[in-house]
Amino acid sequence: MQNNEEVETTHLLRASLGGGNWTGQLSININLRDDIHEHIYIDDYCECGAKDPYIPFALSNANYQMAGINSLEGDVIIPESFEYNGEMYRVKAIGDYVVDSEGNMYSPSGAEGNMFENATSVVIPEGVTKIGYGAFADFKGETINLPNSIRTIEDMAFAFTLKIKTVALPEGLEYIGNGAFTLSSIEEIYIPSTVNHIGEKLFFVANNLDKIVISELNPIYSDNNDNLVLKVDTNELMYIAGDTKAIPEGVKVIPEGVCYAHSTYDTLHIPDSVEVIKSDAFEVLTVQYITGCEGLKRIEDDAFADYVGYYVEDITLPESIEYVGNDSLHHFGNVNYDGSMNITK
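Reading the values: rules and limits
- Residues numbered from 1 in each chain as written.
- Predicted model: local features only at pLDDT ≥ 70, side-chain atom pairs only at ≥ 80, totals over all residues.
- Heavy atoms only, no water.
- Helix = DSSP H or I, 4+ residues; strand = E, 2+ residues; numbered from the N terminus.
- Buried < 20%, exposed > 50% of the residue type's maximum accessible area, 1.4 Å probe, protein only.
- Contact = heavy atoms within 4.5 Å.
- Areas by Shrake-Rupley, 256 points an atom, 1.4 Å probe, with all protein chains shown as cover.
- Salt bridge = Lys/Arg side-chain N within 4 Å of Asp/Glu carboxyl O.
- Pairing = 2+ DSSP bridges.
- Axes fitted to C-alpha atoms, helices over the stretch in contact; angles between N-to-C directions.
- Core = buried A, V, L, I, M, F, W, Y, C linked by side-chain atoms within 4.5 Å.
- Phe/Tyr/Trp six-rings, centres within 6.5 Å; stacked < 30°, edge-to-face > 60°.
- Polar contact = N/O pair within 3.5 Å; in protein donor to acceptor, adjacent residues only side chain to side chain.

Peer 1: Describe the overall build of the chain, with residues and values.
Peer 2: Scanning the chain from N- to C-terminus turns up one helix and 28 strands. The proportion of buried residues among the 345 residues of the chain is 44%. Of the contacts formed within the chain by residues at least 6 apart in sequence, a portion of 33% connects residues at least 24 apart. As displayed, the chain offers around 17,600 Å² of accessible surface, 44% of which is attributable to carbon and sulfur atoms.

If you want it as structure tokens, here you go:
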């Protein structure tokens, strides 16, 4: 290791140095192993000190009374830290988690949710980094304020929240799991620049969602200035909200669940770049005319499923079509096709 070489030493320094500002010191000795010693150059302030005396704690249905919470009904205030049987704990997660000996938290298979199904308000303290599987499913409150420390929102975390209108997702959030807002009444959402994973069916049957804004600084996802979720590097369309104006050019696959809000269109244009429409892609859709489609190769089973508002008047399929799945076109009045494949509605 050479002087001025940039290295990640945070954990090593915390383990081996006392507190203080070590900026510019060339001779700090780091014991990587008993037989290996390295000297490093520190070019910024280093926060070093004793081991955190608090034990990481995941608040759940089974242990909330440890934290001094009498009930998970009504107005719930979660403490930032607490003492129990002579040990100090700090709340780092909300939900059904397993905490290992290193303090890492994992959501187990078969995790339980619905912690706050009888709560009307919940105060989440700073320091909480994870919202567990289904933790706020069936929550009865109208708002949820997330602290800036939140990094992970697991699958179904805010599912079936029928009174919530908006959730402010903080900068620093990185992961949003599958179906996190399933069947919620959310009307608008802002996705910050730090989010690097958005799960499938994020807004499954979130019928009131009309506005999606993604930070312009997010390098992975874009709203395309049109209330949708688009993965930038692959042009993968993940979701369109109720008043999305158009499916962007360049999208090749329209995935399952891309339109689970009650979207209403006079005309929906499917750009020529689209090759595949997956099963149940447009399960909740009211539209009169569908145009474009000239690059289509596959329409999978139930692509336009049983909840369409009324018959689509007209669709024209290109000769390039290779597969039309079962019940994918039975809501269409006229299907225009000049190719050789036998197509039935």
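Peer 1: Describe the environment of Phe332, listing the residues and the values that go with them.
Peer 2: Locating Phe332 in the fold gives a position in strand β28 (residues 332-336). In the structure, Phe332 is positioned 44 residues away from Gln288 in sequence and 9.2 Å away in space, judged by C-alpha atoms.

Peer 1: Help me get a handle on the pattern of salt bridges, residues and values and all.
Peer 2: Should the charged atoms of two oppositely charged side chains come close, the side chains can pair. Tallied over the full model, the rule gives five salt bridges. Residue Arg90 is joined to Glu80 by a salt bridge in which the shortest nitrogen-to-oxygen separation is 3.6 Å. One end of the pair, Arg90, is in strand β6 (residues 87-94); the other, Glu80, is in the loop between β4 (74-77) and β5 (81-84), and ten residues separate them in sequence. The salt bridge involving Lys165 is made with Glu187; its shortest N-O contact spans 3.9 Å. Here Lys165 is found in the loop between β12 (152-153) and β13 (166-168), whereas its partner Glu187 is found in the loop between β14 (175-176) and β15 (188-191), with 22 residues between them in sequence. Note on Glu187: relative accessible area 36%, which makes it partly exposed. One network of salt bridges, with partners in common, ties together Lys278, Arg298 and Glu300.

Peer 1: Account for the sheet that holds β15, with residues named and values stated.
Peer 2: Strand order in the open sheet made by the four strands is β11-β13-β15-β17, with parallel pairing throughout. Either end of the sheet is taken by a strand with one partner, and the two such strands are β11 (143-145) and β17 (211-214). Adjacent strand axes in the sheet meet at a mean angle of 10° when their direction is disregarded.

Peer 1: Which residues make up the sheet that holds strand β25 (residues 298-299), and what values do they have?
Peer 2: A sheet is described by the order of its strands in space; here four strands give the open sequence β21-β23-β25-β27, paired in parallel fashion. The sheet terminates laterally at β21 (253-254) and β27 (323-324), the two strands that pair on one side only. Pairing between β25 and β27: two bridges, direction parallel. Considered in β27, the bridge of Ile299 is made with Val324.

Peer 1: Explain the nonpolar core to me, using residue names and the numbers behind them.
Peer 2: Core analysis: the largest hydrophobic core is formed by 51 residues, its most contacted members being Phe116, Ile131, Phe136, Leu169 and Phe181. Contributing elements (two or more residues each) for this core: β3 (55-59), β6, β9 (119-123), β15, β17 and β20 (236-240). Val274, Phe282, Val324 and Phe332 belong to the second largest nonpolar core, which has 28 residues in total.

Peer 1: Quick one: what's the story with the packing of aromatic side chains, residue by residue and with numbers?
Peer 2: Following the criterion strictly, the structure yields nine aromatic pairs and no others. Seen in terms of ring centroids, Phe57 and Tyr89 are 5.7 Å apart; in terms of plane orientation they differ by 75°. Their pairing is edge-to-face. Here Tyr89 lies in strand β6 and Phe57 lies in strand β3, a separation of 32 residues in the sequence. On the basis of relative accessibility, which here comes to 5%, the residue Phe57 falls in the buried class. Classification of Tyr89 as buried rests on a relative accessible area of 15%.

Peer 1: Now, about the pairing of β5: what can you tell me, with residues and values included?
Peer 2: With four bridges connecting them, β5 and β6 associate as antiparallel partners. Looking at β6, one finds that Phe82 is bridged to Tyr89. Hairpin connection, β5 to β6: the antiparallel pair is bridged by two residues, and Asn85 has positive phi, about 50°.

Peer 1: An account of the side chain of Asp223 is requested, with residue identities and associated values reported.
Peer 2: You can see Asp223 is positioned in the loop between β18 (221-222) and β19 (228-231). Looking at Asp223, its side chain comes within polar contact range of the main-chain nitrogen of Asn225, at 2.8 Å. If near-sequence neighbours (up to four positions away) are discounted, Asp223 is found in contact with Ile212, Val213, Ile214 and Leu228.

Peer 1: Just give me the short version of the environment of Tyr190, but keep the residues and values in it.
Peer 2: Within the secondary structure, Tyr190 sits in strand β15. Look at Tyr190 and you get partly exposed, because its relative accessible area is 36%. For the pair formed by Tyr190 and Lys211, sequence separation is 21 residues and the distance between their alpha carbons is 8.5 Å. Leaving out residues up to four positions away in the same chain, Tyr190 has contacts with Leu169, Glu171, Val213 and Ser215.

Peer 1: Residues and numbers for unusual backbone geometry, please.
Peer 2: Despite not being glycine, Leu183 has its phi angle at roughly 50°, a positive value. Along the chain, Leu183 falls in the loop between β14 and β15. Leu183 sits in the partly exposed class, given a relative accessible area of 34%. For Asp302, which is not glycine, the phi dihedral falls at a positive 55°. Within the fold, Asp302 resides in the loop between β25 and β26 (312-316).

Honestly, it's all geometry; don't read function into it.
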